[in-house]
Amino acid sequence: MAKARRRRVRDTWKEKKWYVIKSPKMFGENEIGTTPSRDPDFLLKRRVEATMRELTGDFSKQYVKLKFQIDNVAGSEATTKFIGHQVTTDYVRSMIRRGTSRIDAPVIVETKDGYRMKIHPLAITIRKAKSSQQKYMRQSIEEHVKEIASEKTFEELVEGIVTGKIASEIYHQAKKIYPLKRVEIIKTKVLEEPA
């Protein structure tokens, strides 16, 4: 029986170096994690998630997940840019009760400084709304969100979304149409950056 020659396994772990991942400037450039890599170029475009609580220490924002993408590596630090956010599904479920209407109004907007984003507001009514009321509410929310976005820079818009300021602006505007229980922006995604 021929003896199987043992191949020497290259330990790639030893070649890897650890990098500290930082949140974007608008989120205070905090450390949001570490990651190993053999080559800093491999880190580019890598995605990272962090909750709002991890960044701000605010427990009431535990359900907000922020999505970042590594866009630059300098030394052992990797900086990121904001590419979107999402609230957890159990949080969305907890807002919806029987006898209420859920109105989703996803809309693509453009900021003052040329970013294109998809924003998904969700409005929950106090009572069941007729479909014609829901349709009118959806249109009104979409128009309002487009208007807000066109007056703000990307950073101002993101800040308004994650702090809940824009959701409350939409709420005050839309409740004139029909009594609302809640408005929340449940998802955003950056589609295009200015060239």
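Residues numbered from 1 in each chain as written. Predicted model: local features only at pLDDT ≥ 70, side-chain atom pairs only at ≥ 80, totals over all residues. Heavy atoms only, no water.

Enquirer: Explanation requested: the packing of aromatic side chains in the structure shown.
Expert: Two descriptors summarise a pair of aromatic rings, namely the distance from one centre to the other and the angle between the planes of the rings. Summed over all chains, the structure comprises six aromatic pairs. Look at F68 and F82: their rings are 6.4 Å apart centre to centre, the planes differ by 70°, and that puts the pair in the edge-to-face class. Here the residue F68 occupies a position in strand β4 (residues 64-74), and F82 occupies one in strand β5 (residues 77-87), the gap between them amounting to 14 residues. Across this residue pair, the class does not change: F68 and F82 are buried. Through a chain of ring-to-ring contacts, three or more aromatic side chains come together here, namely F27, F68, F82, Y115 and F154. (Phe/Tyr/Trp six-rings, centres within 6.5 Å; stacked < 30°, edge-to-face > 60°. Helix = DSSP H or I, 4+ residues; strand = E, 2+ residues; numbered from the N terminus. Buried < 20%, exposed > 50% of the residue type's maximum accessible area, 1.4 Å probe, protein only.)

Enquirer: Please clarify how the pattern of salt bridges should be interpreted in this entry.
Expert: Pairing between side chains of opposite charge can happen when their charged atoms approach one another. Enumeration over the complete set of coordinates arrives at six salt bridges. Residues K22 and E77 are paired through a salt bridge, measuring 3.9 Å at the closest nitrogen-oxygen approach. Here K22 is found in strand β1 (residues 17-22), whereas its partner E77 is found in strand β5, with 55 residues between them in sequence. In this structure, R116 and E192 form a salt bridge, with 3.2 Å as the shortest nitrogen-oxygen distance. Of this pair, R116 sits in strand β8 (residues 116-125) while E192 is found in strand β9 (residues 180-192), placing the two residues 76 residues apart along the sequence. (Salt bridge = Lys/Arg side-chain N within 4 Å of Asp/Glu carboxyl O.)

Enquirer: Would you take a moment to explain helix α6 (residues 165-174) for this structure?
Expert: Owing to its 3.6 residues per turn, the α-helix aligns residues three or four sequence positions apart on the same side. Turning to α6, its buried residues are I166, A167, I170 and A174. Along the axis of α6, the buried positions cluster into a sector of 105°, meaning they face one direction only. (Arc of directions from axis to C-beta.)

Enquirer: How should I be thinking about the pairing of β9 in this particular structure?
Expert: It is a general feature of regular strands that their side chains alternate between the two faces of the sheet. As judged from the three bridges shared by β5 and β9, these two strands associate in the antiparallel manner. Its bridge partner being in β9, H85 is matched across the sheet by T188. The pairing of β8 with β9 spans ten bridges and is antiparallel. Note on β9: the bridge partner recorded for R116 is E192. (Pairing = 2+ DSSP bridges.)

Enquirer: It is not clear to me how the environment of S101 should be interpreted in this structure. Could you clarify?
Expert: Within the secondary structure, S101 is located in the loop between α3 (89-95) and β6 (102-104). S101 gets classed as buried once you look at its relative accessible area, which sits at 3%. Taking the C-alpha atoms as reference points, S101 and A78, separated by 23 residues in sequence, lie 43 Å from one another. Apart from residues no more than four positions distant in its own chain, S101 is found in contact with A123, I124, T125, R127, K128, A129 and Q134. (Contact = heavy atoms within 4.5 Å.)

Enquirer: Help me understand a negative patch on the surface, please; the structure alone is not making it clear to me.
Expert: Side chains of E143, E147, E151 and E169 sit close together on the surface and give a patch of like negative charge. When residues of the negative patch are assigned to their parent elements, the largest contribution, three residues, is made by helix α4 (residues 131-151). Judged by its relative accessible area of 36%, E169 falls in the partly exposed class. (Patch = residues over 30% accessible without salt bridge, like charges linked within 9 Å, V, L, I, M, F, W, Y side chains within 5 Å. Areas by Shrake-Rupley, 256 points an atom, 1.4 Å probe, with all protein chains shown as cover. Lys, Arg positive; Asp, Glu negative; His and termini not counted. Charge placed at Lys NZ, Arg CZ, Asp CG, Glu CD.)

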